[in-house]
Amino acid sequence: MSLEQAIKNYSHAILKYCYGLLCNYHDAQDAMQETFCKAYAKRDTFQGDATVVTWLYKIAYNTCISVLRKRRFFLAPKRDERMDAVVHDPDPFIGGALAKALGVLSPKERALVYARAVEDMDYAELEIIHGAGAATLRKRYERARKKLQKFLEKEGY
């Protein structure tokens with residue numbers, strides 16, 4: 001598959017995924033572009049043990065985690081800051097209440113919830129992306145869902 005075809009087929013999905021992790025549209029755009037640059041540079045290392053889209057998600061995940069580390073934002077922002085950001089910068093992909101709720105999750109939890117709930121990835125794909133076993137990922141996903149549920153119930157949803 002050519003780079004042009006990969007961008008055409010997967011850029012929107014990768015952008016949404018990056019946004020789900022970074023909670024900032026401009027950072028997500030940068031991460032998406034960097035993901036495709038890395039994929040192109042490492043195209044000879046693709047071994048076919050995963051699908052192309054799973055491979056791209058793994059690169060996107062690692063890119064987003066690097067962005068978060070660079071800006072010393074590995075943990076979720078403080079609730080008040082996130083609430084203000086959501087109010088002033090509407091999420092182009094996720095509704096307001098859910099965007100606020102996602103602010104209580106860590107980036108790793110957001111990545112897992114987004115990939116599982118929104119992108120409907122199975123645990124075999126998630127194992128490749130996150131580098132953890134399916135049982136571990138199932139448990140993390142359930143914990144993250146409970147956090148979201150608790151927050152949304154507290155907010156009256």
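As the structure is a computational prediction, the values presented were derived from the model and not from experiment. (Residues numbered from 1 in each chain as written. Predicted model: local features only at pLDDT ≥ 70, side-chain atom pairs only at ≥ 80, totals over all residues. Heavy atoms only, no water.)

Student: Looking at this model, I keep getting lost on helix α3 (residues 52-70). Mind explaining?
Tutor: For α3, with 19 residues, the first-to-last C-alpha span of 27 Å sits near the 27 Å given by 1.5 Å per residue. Buried residues of α3: T54, W55, L56, Y57, I59, A60, Y61, T63, C64, I65, V67 and L68, and no others. Buried-residue contacts for α3 involve α1 (3-22), α2 (25-41), α6 (107-118) and α7 (123-130). (Helix = DSSP H or I, 4+ residues; strand = E, 2+ residues; numbered from the N terminus. Expected span 1.5 Å × (residues − 1). Buried < 20%, exposed > 50% of the residue type's maximum accessible area, 1.4 Å probe, protein only. Contact = heavy atoms within 4.5 Å.)

Student: Would you mind showing me how to read the packing of α3 against α6 here?
Tutor: Any two packed helices are characterised by how steeply their axes cross, that is the angle between the axes, and by the distance between the axes. At a closest axis distance of 11 Å, the pairing of α3 and α6 adopts a crossing angle of 155°. One way to sum up the angle between α3 and α6 is to call them roughly antiparallel. In the crossing of α3 with α6, the sense of the turn from one axis to the other is right-handed. Two secondary-structure elements touch here, α3 through Y61, I65 and L68 and α6 through P107, K108 and A111. Its residues assigned to classes, the contact of α3 with α6 comprises five nonpolar, no polar and one charged. (Axes fitted to C-alpha atoms, helices over the stretch in contact; angles between N-to-C directions. Parallel < 35°, antiparallel > 145°, perpendicular 65-115°, else oblique. Left-handed = near helix turned anticlockwise from the far one by under 90°. Nonpolar A, V, L, I, M, F, W, Y, C, P; charged D, E, K, R; others polar.)

Student: I keep staring at the packing of aromatic side chains and nothing clicks. Help me out?
Tutor: Describing an aromatic ring pair means giving the distance of the ring centres and the angle of the ring planes. Counted by the stated rule, this structure contains four aromatic pairs. A centroid spacing of 6.5 Å and a plane angle of 55° characterise the contact between Y19 and Y25, whose relative ring orientation is tilted. Centroid distance F46 to W55: 5.0 Å. Interplanar angle 55°. Geometry classified as tilted. With a relative accessible area of 27%, F46 lands in the partly exposed category. By relative accessible area, which is 18% here, W55 ends up buried. The cationic tip of R43 hangs over the ring face of Y40; the distance from NZ or CZ to the ring centre is 3.9 Å. (Phe/Tyr/Trp six-rings, centres within 6.5 Å; stacked < 30°, edge-to-face > 60°. Lys NZ or Arg CZ within 6 Å of the ring centre and 35° of its normal.)

Student: Would you explain unusual backbone geometry in this entry?
Tutor: Most peptide bonds take the trans form, and the phi angle of most residues other than glycine is negative. The residue C23 is not glycine, and still its phi comes out positive at about 55°. Structurally, C23 can be placed in the loop between α1 and α2. Despite not being glycine, D120 has its phi angle at roughly 55°, a positive value. Within the secondary structure, D120 is located in the loop between α6 and α7.

The quantities given are spatial measurements derived from coordinates; they are silent on function.
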